[in-house]
Structure formats: structure tokens, C-alpha cells
Amino acid sequence: MLHKIAIVGGCGHIGLPLGIVLAENKFKTFLYDIDEASVNTVNDSILPHMEEEGEERLKEVIKSKYLLATISPKVLSDCDIVILTIGTPVDEHLNPRTADVFKVIDAILPYIKADQVLIFRSTLFPGTMSLINDYLKTKKCNASLAFCPERIVQGKGLIELVEVPQIISGFDEKSLSVCRQIFGTISKQKPVTLLPLEAELAKLFCNAWRYINFAISNQFFQISEKAGANFFKIYEAVKKDYPRMNDFARAGFASGPCLFKDTMQLSAYSQNTFFLGHSAMLINEGMPSFAIDLLKNRMGGSITGKKIAILGMAFKANNDDVRDSLAFKLRKMLEFFGAEVICHDPYVKHQEKFDFKFVDLPTALKADAAIIGAPHKDYKKVKVPKDFILIDIWGMFNSVS
Ligand SMILES: NC(=O)c1ccc[n+]([C@@H]2O[C@H](COP(=O)([O-])OP(=O)(O)OC[C@H]3O[C@@H](n4cnc5c(N)ncnc54)[C@H](O)[C@@H]3O)[C@@H](O)[C@H]2O)c1
């Protein structure tokens, strides 16, 4: 039997690709979201944010009527499965904001029935699922409960949902069997089953592992630069035909809405004894400052009064997402040191809404110097004038390959 599915937070970066893939597999899928603008955009077959292969695939599923976005929570009552993909950020103390999750649960509870399966897909602080299970009982809600954390890389959801094995966990046999059926249908890989707490930890381990991995490369980059050696030359050399270094990451800003906050969630969970996670934070969050030091060295010690361009404001290459982008921290720090900052990004949308100035690429290249904030492929084609000072912490132009 194919289910009717509702996704809460369905127009977000995780909800939308999941919704498209479910609809492609002939699950009648409703994207419930409180963001009316995104709901209208999706129903008009337009992606609210960049997603590889997204444009065509969204058009098809809207046309086939297997996918519909709505601001009405009433659709939840008509579905036998409700999947939650709402954001789960950390607070100003870098602790999880679990209360937000319970607020959403309270908001949807009037539409949840005993025969439904509730699947949490957001990244959760370890132990939250057990609290949710207890909470639902106090609210006399007998829906089956599951936790299946999302592990896609932003922007590649449509591809990875099919390719990457899905981790599933549940509080009863019904929820597990439904998760096996759904994720077994959409993915080429057999789902992997864990207990809910194990699945919560598994997701945080994945992101903390990647965050630490980037930190190692960033620290090696800093060591190389201080020694006057070319990190990227060494990087290419040690990876060449040496599979043990396959996971050696490139240097660059490690930012965005997931890696940092999930490492901090794990740190909060381990009562601030996750020293490796905190060390990674010091290195990764220190990269804008390190880039400015490199710039100052190239500019005779001071950047006061200089016009500095940042090329790329998104948190990663070839993407439009600026959430928690370190390019923004870089901009603030450059201004603190007295520079006039101009920014360019070919992908970031609604540039008029930011409280700083975006310029076109030719204008950016007329600045006194530039720092690459995000290594968009477009910059690879730029003919950098010979004497132009360009700080390239990503190795876009330094690579020997
Ligand atoms: N972005 C990623 O690449 C990624 C990867 C793996 C896991 N995750 C996790 O997935 C979760 C979602 O992240 P995201 O990047 O999709 O966030 P997002 O902000 O892009 O999407 C969340 C969506 O939920 C909607 N929403 C908020 N409150 C709501 C409510 N009360 N009712 C209905 N809709 C509501 C928002 O309007 C938004 O569209 C987070 O836990 C995140 O850590 C994200």
C-alpha cells in the first residue's frame, strides 16, 4: 500500500527534496509549511532555494499532482504518515533549542491520530526522541513514533536520498515497518536500523566528524602558510595514488547551518567534555581572522581605508544559502579593521534585502584586494590581474592540478 504523507516544514532545504522524491515514487505528498511565500513558490514549480536537478523534477511532480504545498495544517489529518523536517538550531549559548521542537509538536497535535506514524527527520539533541515519546503519552497521543535522521549534503538532496543508506529507528514495530517501506522504496540502499538514541548520536557523529575533518585541513593550511609553504601543493601530493588520504578535505570556511551547530550539540550533550569538537570550532571559526592576517601581510600590515571585495557570500560553493556563512563574519571583521567592504555572489537571492552592498564582478575586481568567501565555479574563469591581491584560502587558484 502506498501512503499519503505530510511533511511539516516541507518547503525547507530538507523537506522539499524529500517531498519531491516521495512524490516521484507515487506517494501522495503534502508539504505543510508556515512560510507562505515558499509554499506559493513551490506550487508554481519554482524552487525557493538551489537544489541540484530540482527545477525539472519539481515541475514534474507538481504537474503529476503527487506533490502539493500548503499552509493549512489540516492536511495532516488526511495522511497516514507525518514527517517533521523543521529547523533545529542552537541558542546563543550554543545549546539546543529543544523547546522549539515541542512548540511545533503542540501546534500539530490537534491533527494527529492514533493510527498515524510520526517520523522525525530533523537533527535532534540526543534523548529528545525519548522525551517526545513520553510527552505524546501525557497528551494521550497514541501515534507510532520514529526517528530517521537526514544525512544529505545541502543542495544534493535529490541525488543523495536515492544513493545514501537511510538510518531508521522507531519506538514500535509498526513505525519501523513503515520506515522500512518508505525509505526502502525511495533509496537504492537497504535502510540501516538503530535504536532512537543511537540514531540521534549517529547523526551528530556524522556532522561532528566532518566538521573536525575540515578543521584538520584548516589547521594544516595555517601551519603551511606560516611556514611559507603551499598547502594545496602538499595536499595534491599526499593524496595522489594514496587511498589512505581519501578523506583528507580541502581547506576553506567550514560553515553553514549544520556542521558547527551539530558539533556544539554533541558538545552540550557530553557536558562540554567534547574537547575535539571545541578545538575544531576554534580552528574553523578562526579562519576569517586568519584570512585577514594573510591579507594584512600582503598589504603592508594594515587594511584601514582599503576597499576589499569578498567573492562569494554563500556558505558553500555553487549554492545560494547564506545561513551561518563565515563570509559574513569575514565582512564584519574587515569592517572592524577599517576596510570598506564590497561583496559579490552570483547565486545569493534577494540581494537588495541585505543591510550591505552587493556589487557586480567587474566592480568587485576593481577593489584594492579580494578574499574568496565561497569558491563558486564562476570565479575559476576570472582572469585575475597579475598584481591583484587575492586571498584564496580554498586553493581555487593555488592548486597544482
Ligand atoms: N540543510 C541541510 O543540508 C541539512 C542536512 C541534514 C539535516 N538537516 C537538518 O534538517 C532539519 C531542517 O533543516 P533545513 O535546513 O531544512 O531547515 P529550513 O529552515 O530550510 O527548513 C525548515 C522549514 O520549516 C518551516 N517551519 C518552521 N516552523 C514550522 C512550523 N511550526 N510548521 C510548519 N513549518 C515550519 C520553515 O518555514 C522552513 O521552510 C534541521 O534539523 C537540520 O539540522 C539539514
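The preceding data block contains the structure.
Predicted, not measured: the structure shown is a model, and the values here were computed from it.

Here we come to the packing of helix H4 (residues 98–108) against helix H5 (residues 128–138). It is the contact of H4 with H5, at a shortest axis distance of 12 Å, that shows an interaxial angle of 35 degrees. Where H4 crosses over H5, the two elements pack in a sense that is right-handed. Of the residues in H5, those in contact with Thr-98, Val-101, Phe-102, Ile-105 and Asp-106 of H4 are Thr-128, Leu-131, Ile-132, Tyr-135 and Leu-136. Tallied by class, the residues present in the contact of H4 with H5 amount to seven nonpolar, two polar and one charged.

Turning our attention to unusual backbone geometry. A negative phi holds for most residues other than glycine; trans holds for most peptide bonds. One non-glycine residue, Leu-94, adopts positive backbone phi at about 65 degrees. With respect to the helices and strands, Leu-94 occurs in the loop between strand E4 (81–84) and H4. In this model, Asp-241 sits at a positive phi of 50 degrees, which is unusual for a non-glycine residue. One can find Asp-241 in the loop between helix H9 (231–239) and helix H10 (259–269). With relative accessibility at 70%, the residue Asp-241 sits in the exposed group.

Attention now goes to the pairing of strand E2 (residues 28–32). Among the five residues that make up E2, four are buried, leaving the element largely enclosed by the rest of the structure. As paired strands, strand E1 (residues 4–8) and E2 are joined by five bridges and run parallel to one another. Bridge pairing in E2 places Ala-6 opposite Phe-30. For the crossover from E1 across helix H1 (residues 15–24) to E2, the handedness is right-handed. Looking at chain direction, E2 and strand E3 (residues 67–70) are connected through four bridges and run parallel. By the bridge assignment, Tyr-32 is partnered in E3 with Thr-70.

Before going further, it helps to spend a moment on the sheet that holds strand E9 (residues 307–311). Pairing is parallel across the open sheet formed by four strands, whose spatial order is E10-E9-E11-E12. Taken across any chain shown, the strands that pair with only one partner, and hence form the sheet edges, are strand E10 (340–344) and strand E12 (389–391). Each strand axis lies, on average, 25 degrees off the axis of its neighbour in the sheet, ignoring direction. Packing of helix H12 (residues 287–298) onto the sheet brings it into contact with E9, strand E11 (369–372) and E12, and relative to E12 it is tilted by some 160 degrees. On top of the sheet, helix H13 (residues 326–336) reaches E9, E10 and E11; it is set at about 175 degrees to E9, its chief contact.

If you walk through the whole model with that rule in mind, you get 18 aromatic pairs. The interplanar angle of 80 degrees and the centroid separation of 5.2 Å between the aromatic rings of Phe-336 and Phe-337 together place this pair among those described as edge-to-face. Judged by relative accessible area, which is 68%, Phe-336 ranks as exposed. Counting every residue linked through ring pairs, the aromatic cluster contains Phe-220, Phe-221, Phe-231, Phe-232, Tyr-235, Phe-248 and Phe-290. For the cation-ring pair, Lys-296 lies above Phe-337, with the distance from its terminal atom to the ring centre recorded as 3.5 Å.

As a further point, take the nonpolar core. Membership of the largest hydrophobic core comes to 49 residues, with the highest contact counts inside it found for Phe-221, Leu-295, Ile-308, Leu-334, Ile-371, Ile-391 and Ile-393. Mapped onto this core, the elements with two or more residues apiece are H9, H12, E9, H13, E10, helix H14 (361–364), E11 and E12. With six residues, the single largest contributor to this core is H12. The residues contacting Ile-308, other than those within four sequence positions of it, are Leu-295, Met-299, Leu-334, Ala-339, Glu-340, Val-341, Ile-342, Ala-367, Ala-369 and Ile-371.

Within the structure shown, the criterion is met by 15 salt bridges. Across the pair Arg-57 and Glu-53 runs a salt bridge, and its minimum N-O distance is 2.7 Å. Looking at Arg-57, the relative accessible area reads 18%, which means it is buried. Residues participating in the shared-partner salt-bridge network are Glu-24, Glu-53 and Arg-57.

Burial within H10 is extensive, with ten of its eleven residues counted as buried. Within H10 the residues assigned to the buried category are Leu-259, Phe-260, Lys-261, Asp-262, Thr-263, Met-264, Gln-265, Leu-266, Ser-267 and Ala-268. On its buried side, H10 packs onto helix H8 (196–227) and helix H11 (275–285). At the exit of H10 stands Gln-271, carrying a positive phi of roughly 55 degrees.

About the criteria used
- Residues numbered from 1 in each chain as written.
- Predicted model: local features only at pLDDT ≥ 70, side-chain atom pairs only at ≥ 80, totals over all residues.
- Heavy atoms only, no water.
- Axes fitted to C-alpha atoms, helices over the stretch in contact; angles between N-to-C directions.
- Helix = DSSP H or I, 4+ residues; strand = E, 2+ residues; numbered from the N terminus.
- Left-handed = near helix turned anticlockwise from the far one by under 90°.
- Contact = heavy atoms within 4.5 Å.
- Nonpolar A, V, L, I, M, F, W, Y, C, P; charged D, E, K, R; others polar.
- Buried < 20%, exposed > 50% of the residue type's maximum accessible area, 1.4 Å probe, protein only.
- Pairing = 2+ DSSP bridges.
- Right-handed = clockwise from strand over helix to strand, strands pointing away.
- Phe/Tyr/Trp six-rings, centres within 6.5 Å; stacked < 30°, edge-to-face > 60°.
- Lys NZ or Arg CZ within 6 Å of the ring centre and 35° of its normal.
- Core = buried A, V, L, I, M, F, W, Y, C linked by side-chain atoms within 4.5 Å.
- Salt bridge = Lys/Arg side-chain N within 4 Å of Asp/Glu carboxyl O.

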